[in-house]
Amino acid sequence: MAVSSLVYASRATRDFTSEDLNGLAARASRKNKGLRVTGYLCHQKGIFFQYIEGPTAELSALIKSIRNDDRHDIFNEIDLGRIDDRKFPDWNMRSIDSTSLQMIQMEDILRQVLENMAERNYGLERLRNLVLPMVAKISERQAMLSGQAG
């Protein structure tokens, strides 16, 4: 079933401990389950990267709430539009640490896109064509690593 998707990058407005991040991911997971939203969150050196997917109305309400959260300031948000299949169907909100992203060899590419490419400069379709395949690769590689660990 088709769902909407988006990705954003933001700067933390305060320091986050590991416990803070774990608590944030746990609360987001519970909230997102009720909204039927899935995705992942990564935090490294004061920067958050988040990919979320779900029903359009629920995703719109969620991103509005995220934009109003004073614990961070979004500096790049890309609405990826409708996708046919969820990339993270079983992750209401999984936190991926930077080590895991490095292991799946996507962190630097995703960071470059989100930190440096703005829709006004590159166009939505070009960004969408860059980001969606990266998200799919992150999903595939994370699934492979999870299978190897178990």
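Residues numbered from 1 in each chain as written. Predicted model: local features only at pLDDT ≥ 70, side-chain atom pairs only at ≥ 80, totals over all residues. Heavy atoms only, no water.

Engineer: Can you lay out the environment of serine 18 for me, pointing to particular residues and giving the numbers?
Structural biologist: Relative to the helices and strands, serine 18 resides in helix H1 (residues 18-35). Residue classification places serine 18 among the exposed positions, given a relative accessible area of 52%. In this structure, the C-alpha to C-alpha distance between serine 18 and histidine 43, residues 25 residues apart in sequence, is 9.9 Å. (Helix = DSSP H or I, 4+ residues; strand = E, 2+ residues; numbered from the N terminus. Buried < 20%, exposed > 50% of the residue type's maximum accessible area, 1.4 Å probe, protein only.)

Engineer: How would you summarise the side chain of glutamine 50 if you had to cite specific residues and measurements?
Structural biologist: Mapped onto the fold, glutamine 50 is located in strand S3 (residues 47-54). A relative accessible area of 7% means that glutamine 50 is categorised as buried.

Engineer: Tell me what's going on with the side chain of arginine 128, and back it up with residues and numbers.
Structural biologist: Along the chain, the position of arginine 128 falls in helix H6 (residues 124-149). One buried charged residue, arginine 128, remains without a salt bridge, the closest side chain of opposite sign being glutamate 125 at 4.8 Å. Once residues within four sequence positions are removed from consideration, arginine 128 is found in contact with Leu80, Gly81, Arg82, Ile83 and Pro133. (Lys, Arg positive; Asp, Glu negative; His and termini not counted. Salt bridge = Lys/Arg side-chain N within 4 Å of Asp/Glu carboxyl O. Contact = heavy atoms within 4.5 Å.)

Engineer: Now, about the packing of aromatic side chains: what can you tell me, with residues and values included?
Structural biologist: Taken as a whole and assessed by the stated rule, the structure comprises four aromatic pairs. Through a chain of ring-to-ring contacts, three or more aromatic side chains come together here, namely Tyr40, Tyr51 and Phe88. Just above the ring of phenylalanine 75 sits the side chain of arginine 11; from NZ or CZ to the centre is 4.0 Å. The ring of phenylalanine 16 has arginine 14 sitting right over it, with the charged end atom 4.3 Å from the ring centre. (Phe/Tyr/Trp six-rings, centres within 6.5 Å; stacked < 30°, edge-to-face > 60°. Lys NZ or Arg CZ within 6 Å of the ring centre and 35° of its normal.)

Engineer: Go over the nonpolar core with me, naming the residues and quoting the values.
Structural biologist: Counting 19 residues, the largest nonpolar core has Val7, Tyr40, Tyr51, Ile78, Leu80, Phe88 and Val131 as its most contacted members. Residue assignment for this core shows that the elements contributing at least two residues are strand S1 (3-12), strand S2 (38-44), S3, strand S4 (72-83) and H6. When residues of this core are assigned to their parent elements, the largest contribution, six residues, is made by H6. Counting residues in hydrophobic clusters, the runner-up holds eight residues, among them Leu6, Ile52, Leu59 and Leu62. (Core = buried A, V, L, I, M, F, W, Y, C linked by side-chain atoms within 4.5 Å.)

Engineer: Describe the confidence of the model for the chain, with residues and values.
Structural biologist: A residue-level look at the chain finds 75% of positions with pLDDT of 70 or above and a mean pLDDT of 81. When pLDDT is averaged over each element of the chain, helix H2 (residues 56-67) comes out on top at 95 and helix H3 (residues 98-103) at the bottom at 53. (pLDDT = per-residue confidence, 0-100.)

Engineer: Before we move on, can you summarise H1 with the specific residues and values?
Structural biologist: Helical geometry note: an α-helix holds 3.6 residues per turn, so side chains three or four residues apart project in the same direction. Between its terminal C-alpha atoms H1 stretches 25 Å, which fits the 26 Å expected from 18 residues at 1.5 Å a residue. Of the positions making up H1, those classed as buried are Leu21, Gly23, Leu24, Ala25, Ala28 and Asn32. Just downstream of H1, arginine 36 is the residue with a positive phi angle, here 65°. (Expected span 1.5 Å × (residues − 1).)

Engineer: Which residues make up the environment of proline 133, and what values go with them?
Structural biologist: The residue proline 133 is located in helix H6 in this model. Using a relative accessible area of 43% as the deciding quantity, one classes proline 133 as partly exposed. When the C-alpha positions of proline 133 and lysine 87 are compared, they lie 10.0 Å apart, and in sequence the two are 46 residues distant.

Engineer: Residue-level account of the pairing of S2, with values.
Structural biologist: For S2, a buried count of seven out of seven residues is recorded, marking the element as mostly surrounded by other parts of the structure. With burial as the criterion, each face of S2 is covered, one bearing Thr38, Tyr40, Cys42 and Gln44 and the other bearing Gly39, Leu41 and His43. Where S2 lies against S3, seven bridges are found, and the strand directions are antiparallel. Looking across to S3, one finds that histidine 43 is bridged to phenylalanine 48. Here S2 hands over to S3 after two residues, with lysine 45 in that stretch at a positive phi of 50°. (Pairing = 2+ DSSP bridges.)

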